[in-house]
Amino acid sequence: MDKRVVIIGTSFRFPGTTPQSFWHDLLANKDLVSHVEEGRWSFDAYTHPDKKHPGTSYTFSAGSVGDVSGFDASFFGISPREASLMDPQQRMLLEMTWESVEHAGKAPSSLKGSQCGVYIGIASADYAYRFTEDISIVDSSVATGNTASIAANRISYLFDLHGPSIAMDTACSSSMVAFHQACQAIRSGEIEEALAGGVSLHLHPYGFIAFSKATMLSRKGRCQVFDAAGDGYVRSEGGGIFYLKDYDAAIRDGDRILAVVAGSGVNTDGYKSGLTVPNPAAQIELMESTYKKAGLTADDLDYLEAHGTGTAVGDPIETRAIGLALGQQRSKPLPIGSVKSNMGHLEAASGVAGLAKALYSVYYREVPATISMKNPNPNIHFNEWNIEVVSKNLTLDANKPLTIGINSFGFGGANAHVILQSPPDNNASKATACTPAADKPLPLVISARDAQALQTCLEDAAELLREESASFYDVAYNYLYRRELHGLAHVIWSQDSADAIEQINALLADESTPIYLDKPQSPIAFVYSGNGCQWETMGKALLQNSRIFREAVGQVDTLFEPLAGFSLVAELSGDNGTDRFDQTEIAQPALFALQIGITELLRAHHIEPSAVTGHSVGEVAAAYYSGALSLEDAVHVIYYRSRYQGQTAGFGEMSAVGMNEQDIRALLAQEKCSEVEVAGINSAKGITLAGNPEQLSQLEAIFAENGTFYRRLNLNYAFHSSAMDSVEAPVQPLHGYDG
């Protein structure tokens, strides 16, 4: 197991803060603990100051993530009925999974069918307890919606992931143990990537009542970590998902590496003085063995994020273990701290919070203060154990790789430790950003699955573009290549943020109709149409409004006008008169020029074909874009082709018929229409006839009588028939062509 593991994507939900402000709030030393969200249950009914009072808790102080009732069920293909019966923990895990993959710069659909593993720490069954109050509403969706295993399995199911899918409950260390097991699966080569994390929500008073009876909860309503006043912990809620990957695979794929997992380990206390009393010997053994396996010494450690709950028993035991395992082996005191001082104890998801703080500390090279300690706990011998609490924000060394350890302990004795290190210097995230040419606008593709969500996404994009650190190029690149493209979209072409914001505001104001994105499942092909689809002044608007289209048509015209004596730019603009497209020697070159202009416009917008084909006159443009002809040769082909075919005017006409080839040939023989030919087989029931106008009329009378579709084409030519034989001799010797 010598493979290294890296973190390439994350998503979090933490109490009292947002994913965007989490790090800033920690650096601002904010207290993020408040109270259980109003409306979860009746606080009056379940609150009593006496812990012995049955069915009550003496505190509902908590770190709260707020309203968890909202969920975009249709986004995940879940019915509203099923969603209402699903534990909000499952809903939140789905949202965070999507976000963590996109945070890694990948479309979640790109993981379909992969061996990506899912490892989720989850312990609370609060939502299921609510159904016991009315058993009559229980159905199959309650079973899947409230079973712990499904919390992981539903992620694998909806994202079509085929790797291990495991939910784990080791109490407060659940998410860290899940993280470790995901790393182990990657290290062993079983899988290459995994989604690991945990969740915990307060959806029923049961947990508060139970831990209140055990006197584990702080009456002051705060985790006063390492402080003499510590009287228990405060329950908090939230969660997070980490997108983990094999180091070599991440380098291969050019992934941005947020941190390297240098090592991880788990063990259990075994027998001790009490089931919920921590075992310092087990904690010491875990830390020592984890650093030894990682090839690190205590002096390599820059900071240790402790479990640190603020309990009178737990804090002294843990700090003693840290001191004996690491602190006393160092040349200078080991900085320690706990994020629980800011946001409380997330229980099954507490490991996520510790990992998140450590991850940001590695990335930004700064450790936020542990805000709870005012008077050191006298049972913690800081000097003897060579440890010190980070009581004010600590700047870490900017000139060396950083190493941070994270503790997480379950109250039944399941222990976990993880070591994070700063990413390597050759990290893909350090690559120099490309800057587009100033005169080339870029597409900002903002997409969603429904119109309401699209409006919200437009607002989010505008807000992102207003940030000083966001460049328009980076935002546009991220939206197009590093996020999922959904079915509805607005595409904005711009060169800078200010203009893009102005266009977004215009879209929001008039609620413009979005376009429908059809994400190709295979390479794109261009099909160039034949004669008959033209109309006067086609391309005029593009000539006026698109520099790229105008330049492309102008390039064709520069080669064509000396041959033909008239300008295609003027022809498309309508400056050469009316009814001129009835002449094929004018219509064909005009179509060719239009096709060249449109193709160049699409290419400028990064829409490139993998294959090209053409019908009739469209074959010339297809030949040019396939590389078979140079532009000069293609212009000569279209000029001479149309010029000589123009000399066949009056030799016949054409009709489109809704019949198959076999039936139409039988009818031609039956009616003895020897001067009519099958000029094109366009589909199983789509034929084009060419030839004598009188015989075409004879056949059309039969079609009308039988109810068969037909339409005489507005052409005075019998293309794709023997009527073209007369021009073969003069065309062959042109410019040395001999076949």
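About the cut-offs
Residues numbered from 1 in each chain as written. Predicted model: local features only at pLDDT ≥ 70, side-chain atom pairs only at ≥ 80, totals over all residues. Heavy atoms only, no water. Helix = DSSP H or I, 4+ residues; strand = E, 2+ residues; numbered from the N terminus. Contact = heavy atoms within 4.5 Å. Polar contact = N/O pair within 3.5 Å; in protein donor to acceptor, adjacent residues only side chain to side chain. Core = buried A, V, L, I, M, F, W, Y, C linked by side-chain atoms within 4.5 Å. Buried < 20%, exposed > 50% of the residue type's maximum accessible area, 1.4 Å probe, protein only. Pairing = 2+ DSSP bridges. Axes fitted to C-alpha atoms, helices over the stretch in contact; angles between N-to-C directions. Left-handed = near helix turned anticlockwise from the far one by under 90°. Nonpolar A, V, L, I, M, F, W, Y, C, P; charged D, E, K, R; others polar. 1 Å grid on protein atoms, 1.4 Å probe; cavity = no way out; pocket = protein on both sides within 12 Å on 5 of 7 lines; lining within 4 Å. Points joined across faces, edges and corners; volume = space filled by probe spheres on them. Patch = residues over 30% accessible without salt bridge, like charges linked within 9 Å, V, L, I, M, F, W, Y side chains within 5 Å. Areas by Shrake-Rupley, 256 points an atom, 1.4 Å probe, with all protein chains shown as cover. Salt bridge = Lys/Arg side-chain N within 4 Å of Asp/Glu carboxyl O. Phe/Tyr/Trp six-rings, centres within 6.5 Å; stacked < 30°, edge-to-face > 60°. Lys NZ or Arg CZ within 6 Å of the ring centre and 35° of its normal. Expected span 1.5 Å × (residues − 1). Arc of directions from axis to C-beta.

Draft legend 1. Layout of the environment of E608. Checked against the element boundaries, E608 lands in the loop between α22 (584-604) and β20 (611-614). Expressed as a C-alpha distance, the spacing of E608 and I257, which sit 351 residues apart in the sequence, is 31 Å. Excluding residues within four positions of it along the chain, E608 makes contact with I524 and R603. Within polar-contact distance, the side chain of E608 engages the side chain of R603 at 3.4 Å.

Draft legend 2. Region of interest: the nonpolar core. Ranked by internal contacts, the top residues of the largest apolar core, which has 48 residues, are I7, F14, Y119, F179, F242, L244 and L420. For F179, the contacting residues outside a window of four places in its chain are I7, A196, F242, L244, V261, L355 and V418. Ranked by size, the runner-up nonpolar core spans 41 residues in total, among them W98, A151, L195 and L201.

Draft legend 3. Geometry of the sheet that holds strand β8 (residues 259-268). Taken in spatial order, the 11 strands of this open sheet run β5-β4-β6-β7-β1-β8-β15-β14-β9-β10-β12, and their pairing is mixed. The sheet terminates laterally at β5 (165-168) and β12 (387-389), the two strands that pair on one side only. Across this sheet, the average inter-strand angle for adjacent strands is 25 degrees, counted without regard to direction. Sheet analysis places strand β6 (residues 193-200) next to strand β7 (residues 238-246), joined by 8 bridges and oriented antiparallel. Its bridge partner lying in β7, A196 is registered against F242.

Draft legend 4. Highlighting helix α7 (residues 148-158). Taken together, the buried positions of α7 are A151, A152, R154, I155 and S156. Tucked inside the fold, the buried residues of α7 contact α3 (80-85), α4 (88-103), β4 (117-121), α6 (140-145) and β5. After α7 finishes, the residue D160 shows a positive phi value of roughly 55 degrees.

Draft legend 5. A look at the packing of helix α16 (residues 451-466) against helix α17 (residues 472-481). The N-to-C vectors of α16 and α17 enclose an angle of 145 degrees; their axes lie 10 Å apart at closest approach. As for how α16 packs across α17, the hand of that crossing is right-handed. Seen from α16, the contacting residues are C457, D460, A461, L464 and L465; seen from α17, they are F472, V475 and Y479. A breakdown of the residues in the contact of α16 with α17 according to their chemical character gives 7 nonpolar, no polar and 1 charged.

Draft legend 6. View of the environment of G650. Mapped onto the elements of the fold, G650 is located in the loop between α24 (631-646) and β21 (653-657). For G650, a relative accessible area of 52% puts it in the exposed group. Along the backbone, G650 and A298 are 352 residues apart, and their C-alpha atoms lie at a distance of 95 Å.

Draft legend 7. Inspection of empty space enclosed by the protein at higher detail. Inspection of the entire model under this criterion finds 1 cavity of 30 Å³ or more. As a volume, the largest cavity reaches approximately 30 Å³. The wall of the largest cavity is formed by E305, A306, H307, V339, K340, S350, G354, I406 and N407. Of all the secondary structure elements, the ones that give two or more residues to the lining of the largest cavity are α14 (350-364) and β14 (403-409). Classifying every residue of the lining of the largest cavity gives 3 nonpolar, 4 polar and 2 charged.

Draft legend 8. Representation of a nonpolar patch on the surface within the structure. A surface patch of nonpolar side chains, amounting to about 250 Å² of accessible area, comprises I135, I137 and V138. Within the fold, I135 resides in the loop between α5 (126-131) and α6. Of the residues examined, I135 reaches a relative accessible area of 56% and is grouped as exposed.

Draft legend 9. Region of interest: the packing of aromatic side chains. If you walk through the whole model with that rule in mind, you get 33 aromatic pairs. Pairing F211 with F411 gives two aromatic rings, centres 5.8 Å apart and planes at 75 degrees, and the pair type is edge-to-face. Here F211 is found in helix α9 (residues 206-213), whereas its partner F411 is found in the loop between β14 and β15 (414-421), with 200 residues between them in sequence. Taking the relative accessible area as the measure of exposure, F211 reaches 19% and is therefore buried. The exposure class of F411 is partly exposed, given its relative accessible area of 36%. A centroid spacing of 6.1 Å and a plane angle of 15 degrees characterise the contact between Y360 and Y364, whose relative ring orientation is stacked. Here Y364 and Y360 lie together in helix α14, a separation of 4 residues that amounts to about one turn. Here the aromatic cluster, defined as three or more aromatic residues joined through ring pairs, consists of F12, F14, F22, W23, F179, F242, Y360, Y363 and Y364. The ring of F566 carries R580 above its face, with NZ or CZ at 5.6 Å from the centroid.

Draft legend 10. Quick peek at α16. Compared with the 22 Å implied by 1.5 Å per residue over 16 residues, the 23 Å span of α16 between its first and last C-alpha is a close match. Listed as buried for α16 are L454, Q455, L458, A461, A462 and L465. Here the buried residues of α16 occupy an arc of 120 degrees about the axis, which is enough to place them on one side. In α16, the exposed positions that point more than 90 degrees away from the buried face belong to Q452 and E463. Buried-residue contacts for α16 involve β16 (442-448), α17, β17 (488-494) and α18 (497-510).

Any functional reading would require information beyond the geometric quantities listed.
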